[in-house]
Amino acid sequence: MPTNAELIAREDYVNARNYNPIPVVISRGEGVWLWDVEGKRYLDMLSAYSSISHGYVHPRILKALTQQAALVSVCSRAVHQDKMADFLETLCRVVGQDKALMMNSGAEAVETAIKVVRRYGYQVKGIPSNQAEIIVMSGNFHGRTMGIISFSSDESYKKDFGPFLPGFKIIPFGDIDALKAAITPNTCAVLTEPIQGEAGIIMPPDGWLKAVETVCRAQNVLLVVDEIQSGLCRTGRMLACDHEEVKPDIVILGKALGGGFLPVSAIAGKCAVIDVLDPGSHGSTFGGNPLATAVGKEALDVLIDEHLAKRSAELGAYLLERLHAMQSPYVTAIRGRGLWVGVDIDPNQITAHDLCTALMHKGVIARQTHKVTIRLAPPLVITKDELDWALKRIEKVFSTTT
Ligand SMILES: *Cc1c(COP(=O)(O)O)cnc(C)c1O
């Protein structure tokens, strides 16, 4: 049996350096638990950024996957396949939209939404050719493709990758006046996360998203909400938009849509918006393959059947309460919604990275985002006992010098 260190050493020679992982080599997962190659067990408080909301190897989703894999996994979009209607009907019902379009990764779905709103801007709104503008938020994270990093405000995502795609205007997140001032007759859409995940679970002021929706409606601007990380029960509701009863023109989903097994993403929206795409205008070889639709359908059904929105709301409130009660010399702020919490660390006391390393030694996987925030976002299937197990260790690491 190879050790963690041996495998990491081998990997270092052949793997690109675009990540800097925790020195643990995972070989198995089940529920909220992960095991490394040396047999050590960890509770995962990261859930692959909401991709593992259903927990590792959910038995129902595994069954859907293996049954479908034995029938047909991939077929070209030159033909129809029998699981497509089931999946899309369920997805549209669950998110309250008319039509959807499937892709694979989250970034592809964001790119798809950008194409759709630009085309809507030209064909329906009458914006002059190649003049469409999309308003985005500072601190945004929507993925890593060239199009998407073109409107990132994070220099490390962009350094030496230019030239970039024009047509985006960045405004401060949570600032409704800035939005009003930024809209022009050429604005086709506003694109935002409801809560910024990668930026550190940054929450806008209460009522901001609702105000954005009102402004968009009044100005004939489409509202596109990226719920790739926040959606599918993460914040205690099916969508984070639901907290303010906001109904976007397009909602973007990914991560948990794959049930912890596959990359499955989609945009869902109103007929009049999605219907600007005609045959040949957009596509993806693997988007909407039979395996993805079977897994995605089961993933959505499990969220509902297991009441994971309710569990996220209840256990999330409990997690926040316990964290607020914790005596820690390191913590400067705690915020979150549902099982999606950001804990800010005072960098003058200790680095978030060092705290995460100490957590790893105690059997808890967590990770810093943007150096000073530790994100706590366990699989939504976590039980109270399991959460207590993690909290005991978090409290210990956060209260004592390590
Ligand atoms: C992760 C994420 C993406 C990108 O998804 P990928 O599957 O990594 O391409 C886009 N938007 C948000 C809000 C995300 O959290």
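Structure's up top.
In this report, we go over the structure that sits alongside the text.

Reading guide: rules and limits
- Residues numbered from 1 in each chain as written.
- Predicted model: local features only at pLDDT ≥ 70, side-chain atom pairs only at ≥ 80, totals over all residues.
- Heavy atoms only, no water.
- Pairing = 2+ DSSP bridges.
- Helix = DSSP H or I, 4+ residues; strand = E, 2+ residues; numbered from the N terminus.
- 1 Å grid on protein atoms, 1.4 Å probe; cavity = no way out; pocket = protein on both sides within 12 Å on 5 of 7 lines; lining within 4 Å.
- Points joined across faces, edges and corners; volume = space filled by probe spheres on them.
- Axes fitted to C-alpha atoms, helices over the stretch in contact; angles between N-to-C directions.
- Salt bridge = Lys/Arg side-chain N within 4 Å of Asp/Glu carboxyl O.
- Buried < 20%, exposed > 50% of the residue type's maximum accessible area, 1.4 Å probe, protein only.

1. Description of the pairing of strand S1 (residues 26-30)
Then, in step 1: The pairing of S1 with strand S2 (residues 33-36) spans 4 bridges and is classified as antiparallel. Residue pairing across strands places Glu 30 opposite Trp 33, the latter belonging to S2.
Then, in step 2: Connecting S1 to the antiparallel partner S2 that follows it, the hairpin turn spans 2 residues, and Gly 31 within it adopts a positive phi of roughly 60°.

2. Brief notes about the layout of surface pockets
Then, in step 1: Roughly 620 Å³ of volume is contained in the second largest pocket.
Then, in step 2: Looking at the second largest pocket, it is lined by 23 residues, and the ones nearest its centre are Arg 77, Met 84, Ala 100, Leu 101 and Met 102.
Then, in step 3: Counting residues per element, the ones that place at least two in the lining of the second largest pocket are helix H4 (84-95) and strand S4 (99-103).
Then, in step 4: Broken down by element, the residue count for the lining of the second largest pocket peaks at 5 residues, all from S4.

3. Remarks on the sheet that holds strand S6 (residues 168-171)
Then, in step 1: In space, the 7 strands of this open sheet follow the order S4-S10-S9-S8-S7-S5-S6, with mixed pairing throughout. Taken across any chain shown, the strands that pair with only one partner, and hence form the sheet edges, are S4 and S6. Sheet twist, expressed as the average angle between the axes of neighbouring strands with direction ignored, equals 20°.
Then, in step 2: When strand S7 (residues 187-192) meets strand S8 (residues 222-226), the two strands line up parallel, connected through 4 bridges. Counted as the bridge partner of Val 190 is Leu 223 from S8.

4. Details of the pattern of salt bridges
Then, in step 1: If you walk through the whole model with that rule in mind, you get 20 salt bridges.
Then, in step 2: The partner of Lys 159 in a salt bridge is Asp 160, and the shortest N-O contact between them spans 3.8 Å. Asp 160 shares its class with Lys 159; the two are exposed.
Then, in step 3: Three or more residues are tied together by salt bridges with common partners; here these are Lys 210, Glu 213, Arg 217, Asp 249 and Lys 270.

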